[in-house]
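This is what each chain is made of:
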Amino acid sequence: MAAALAPVAVAPVVAKVIHIDDTLLLNVEENPDAELIALCQRVLNIEDTWDRLFELECEADEAGDKVERDRFGDAQRALVPEMNETLAALHEIPAQTTAGLVWRARVMRRRVQAALDGDALNSEELAVWSLTEDILRQLGGQA
């Protein structure tokens, strides 16, 4: 029962973390990649929320507050189904425009796991990171 209530209990935290950069939403309605872009934004918002909940979980753990630690951990785990569903939908939609490709690259760059020093953890992740950086460098200003 406690796990089911965890997302509700951290709703104020989640509400503060979730955001959409309005400058990146210009003309999305007319873009054939509007659905793709919306899914990309959702993935990035979930990632931001996950990261903030993890920080809060670590802070609670360091403070010895097991109840808060577990509450934030439960809230993180509650995000997993939504992330999986959003990613599955995202991967089914091909980018049709430069903006769609740039947004997809932003998501893939964010999904690459990195060590504490910010380096990719393995050669496959380094390849994804390098490709997304190339895409964003070449096309980022055209989105």
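Residues numbered from 1 in each chain as written. Predicted model: local features only at pLDDT ≥ 70, side-chain atom pairs only at ≥ 80, totals over all residues. Heavy atoms only, no water.

1. Examining the overall build of the chain
Thought 1: From N to C terminus, the chain includes six helices and zero strands.
Thought 2: When the helices and strands of the chain are listed from N to C terminus, the series reads α-α-α-α-α-α.
Thought 3: For the chain, the residues scored as buried account for 33% of the 143 residues in total.
Thought 4: Restricting the contact set of the chain to residue pairs at least 6 apart, pairs at least 24 apart contribute 69%.
Thought 5: Surface exposure of the chain reaches about 8,800 Å², of which carbon and sulfur atoms provide 56%. (Helix = DSSP H or I, 4+ residues; strand = E, 2+ residues; numbered from the N terminus. Buried < 20%, exposed > 50% of the residue type's maximum accessible area, 1.4 Å probe, protein only. Contact = heavy atoms within 4.5 Å. Areas by Shrake-Rupley, 256 points an atom, 1.4 Å probe, with all protein chains shown as cover.)

2. A word on the confidence of the model for the chain
Close inspection of predicted coordinates is inappropriate in any region flagged by low pLDDT.
Thought 1: In the predicted model, the chain carries a mean pLDDT of 80, and the fraction of residues at 70 or more is 74%.
Thought 2: Of all secondary-structure elements in the chain, the lowest mean pLDDT belongs to helix α2 (residues 11-17), at 43, while helix α4 (residues 66-91) reaches the highest, 96.
Thought 3: Confidence drops under a pLDDT of 50 for residues 1-26, and excluding neighbours within four residues, the segment shows 32 contacts in the predicted structure. (pLDDT = per-residue confidence, 0-100.)

3. Notes on the packing of α4 against helix α5 (residues 98-111)
Relative orientation and spacing of two packed helices are given, respectively, by the angle between their axes and the distance between those axes.
Thought 1: At a minimum axis separation of 12 Å, α4 and α5 run at an interaxial angle of 140 degrees. Considering their axes alone, α4 and α5 lie oblique with respect to each other. In terms of crossing hand, the pair formed by α4 and α5 is left-handed. Across from M83, L87, L90 and H91 in α4, the residues of α5 making contact are R104, V107, M108 and R111.
Thought 2: Residues that form the contact of α4 with α5 fall into these classes: five nonpolar, one polar and two charged. (Axes fitted to C-alpha atoms, helices over the stretch in contact; angles between N-to-C directions. Parallel < 35°, antiparallel > 145°, perpendicular 65-115°, else oblique. Left-handed = near helix turned anticlockwise from the far one by under 90°. Nonpolar A, V, L, I, M, F, W, Y, C, P; charged D, E, K, R; others polar.)

4. A look at a nonpolar patch on the surface
Thought 1: Nonpolar side chains collect at one region of the surface, where W50, F54 and V80 lie side by side and expose about 260 Å² of accessible area between them.
Thought 2: With respect to the helices and strands, W50 occurs in helix α3 (residues 34-62).
Thought 3: W50 sits in the partly exposed class, given a relative accessible area of 33%. (Patch = residues over 30% accessible without salt bridge, like charges linked within 9 Å, V, L, I, M, F, W, Y side chains within 5 Å. Salt bridge = Lys/Arg side-chain N within 4 Å of Asp/Glu carboxyl O.)

5. Observations regarding the packing of aromatic side chains
Thought 1: One pass over the full model with this rule turns up zero aromatic pairs.
Thought 2: The ring of F72 carries R71 above its face, with NZ or CZ at 4.8 Å from the centroid.
Thought 3: Between the NZ or CZ atom of R106 and the centre of the ring of W103, over which it lies, the distance is 4.7 Å. (Phe/Tyr/Trp six-rings, centres within 6.5 Å; stacked < 30°, edge-to-face > 60°. Lys NZ or Arg CZ within 6 Å of the ring centre and 35° of its normal.)

6. Quick notes on the pattern of salt bridges
Thought 1: Overall, the coordinates contain eleven salt bridges when judged by the stated rule.
Thought 2: Measuring nitrogen to oxygen at the nearest pair gives 2.7 Å for the salt bridge that ties D48 to R110. Of this pair, D48 sits in helix α3 while R110 sits in helix α5; the two residues are 62 residues apart in sequence, bridging distant segments of the chain.
Thought 3: The partner of R109 in a salt bridge is E133, and the shortest N-O contact between them spans 3.2 Å. One end of the pair, R109, is in helix α5; the other, E133, is in helix α6 (residues 123-139), and 24 residues separate them in sequence.
Thought 4: Judged by relative accessible area, R109 falls into the partly exposed class, the value being 28%.
Thought 5: Here the salt bridges do not stand alone but share partners, grouping D48, D51 and R110 into one network.

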